[in-house]
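Chain by chain, the residues:
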Amino acid sequence: MRVSASLAAIDARIHAVQRGALGAGLLMLVAAGLVAWLLAGALARPLVQIAGAARDFAAGRAAVLPDSRIPEIARHVDALRAMHEALDQRFTELRREREESRTLLEALSDGVIAADARGVVVSANAAARRLLDFGPRDLLPPLTELFHDQQHRT
């Protein structure tokens, strides 16, 4: 018994198998690209949300931190939450202390003026404003204009 096939038929069969392998390879490449894109999005989305929340924290706005099932990202989210809570507590304490200081300064019968290094008045209590004939909302001029006499400026 003899079995034979023409070279053209064998070449056609080989080309069909090659086309099938090429098609399957391209399909797998597209599928792998799609899976990689989906995984990258799943990883990048919480990171982008964390960055946005950090910017909101820095600007003093309320922010929502994402919940993540990825352990590395979840640790960063937990650290940011702890930092935000600590900063909120510190800022609340600073506001309370500032208000106490302001209340004490306003209660003084002596005039108190605070100025920066350039001589720009940054605050003055009610007694100082009364002594200088300025209203509660009036802007005070720099110390050089407020006190023309050299000995009062120091």
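Everything quoted here is computed from the prediction, not taken from an experiment.

Focus: the overall build of the protein chain
Of regular secondary structure, the protein chain possesses five helices and two strands. Tracing the protein chain from N to C terminus, the helices and strands come up as α-α-β-β-α-α-α. With the C-alpha coordinates aligned to their principal axes, the bounding extent of the protein chain is approximately 125 × 30 × 25 Å. The proportion of buried residues among the 154 residues of the protein chain is 16%. Long-range pairs, those at least 24 residues apart, make up 17% of the contacts in the protein chain between residues at least 6 apart in sequence. In the form shown here, the protein chain has an accessible surface area of approximately 12,500 Å², with 62% of it arising from carbon and sulfur atoms. Each charge sign in the protein chain was given a centre, from 19 positive and 18 negative side chains, and these centres are 15 Å apart.

Topic: helix 1 (residues 7-59)
Between its first and last C-alpha atoms helix 1 spans 76 Å; for 53 residues at 1.5 Å apiece the expected length is 78 Å, and the two agree. Three or more residues of helix 1 are buried, namely Pro46, Ile50, Gly52, Ala53 and Phe57. Where helix 1 is buried, its residues touch helix 2 (71-107). At the C-terminal side of helix 1, glycine 60 shows a positive phi close to 85°.

Some thoughts on the confidence of the model for the protein chain
Per-residue pLDDT for the protein chain has a mean of 88; in total, 96% of the residues score no lower than 70. Averaged over each element, pLDDT in the protein chain is lowest for helix 5 (residues 150-153) (51) and highest for helix 1 (92).

Topic: the side chain of serine 68
Looking at where serine 68 falls in the secondary structure, it is placed in the loop between helix 1 and helix 2. On the basis of relative accessible area, serine 68 is assigned to the buried category, the value being 18%. Within the local environment of serine 68, its side chain forms a polar contact with the backbone nitrogen of isoleucine 70, the two atoms lying 3.1 Å apart. Once you skip the residues sitting within four places of it in the chain, serine 68 turns out to touch Pro46, Ile73 and Ala74.

A word on the environment of leucine 131
Along the chain, leucine 131 turns up in helix 3 (residues 126-131). Placed 20 residues apart in sequence, leucine 131 and glycine 111 show a C-alpha to C-alpha distance of 7.2 Å.

Here's the deal with the pairing of strand 2 (residues 121-124)
In the sheet, strand 1 (residues 113-115) pairs with strand 2 via three bridges, with the strands oriented antiparallel. Bridge assignment links isoleucine 113 to a residue of strand 2, and that residue is alanine 124. Taking the residues that link successive antiparallel strands as the turn, the strand 1-strand 2 hairpin has five residues, and the phi of glycine 119 there is positive, at about 90°.

Some remarks on unusual backbone geometry
Phi at aspartate 133 is positive, roughly 60°, even though this residue is not glycine. Looking at where aspartate 133 falls in the secondary structure, it is placed in the loop between helix 3 and helix 4 (143-146).

Calculation notes
Residues numbered from 1 in each chain as written. Predicted model: local features only at pLDDT ≥ 70, side-chain atom pairs only at ≥ 80, totals over all residues. Heavy atoms only, no water. Helix = DSSP H or I, 4+ residues; strand = E, 2+ residues; numbered from the N terminus. Buried < 20%, exposed > 50% of the residue type's maximum accessible area, 1.4 Å probe, protein only. Contact = heavy atoms within 4.5 Å. Areas by Shrake-Rupley, 256 points an atom, 1.4 Å probe, with all protein chains shown as cover. Lys, Arg positive; Asp, Glu negative; His and termini not counted. Charge placed at Lys NZ, Arg CZ, Asp CG, Glu CD. Expected span 1.5 Å × (residues − 1). pLDDT = per-residue confidence, 0-100. Polar contact = N/O pair within 3.5 Å; in protein donor to acceptor, adjacent residues only side chain to side chain. Pairing = 2+ DSSP bridges.

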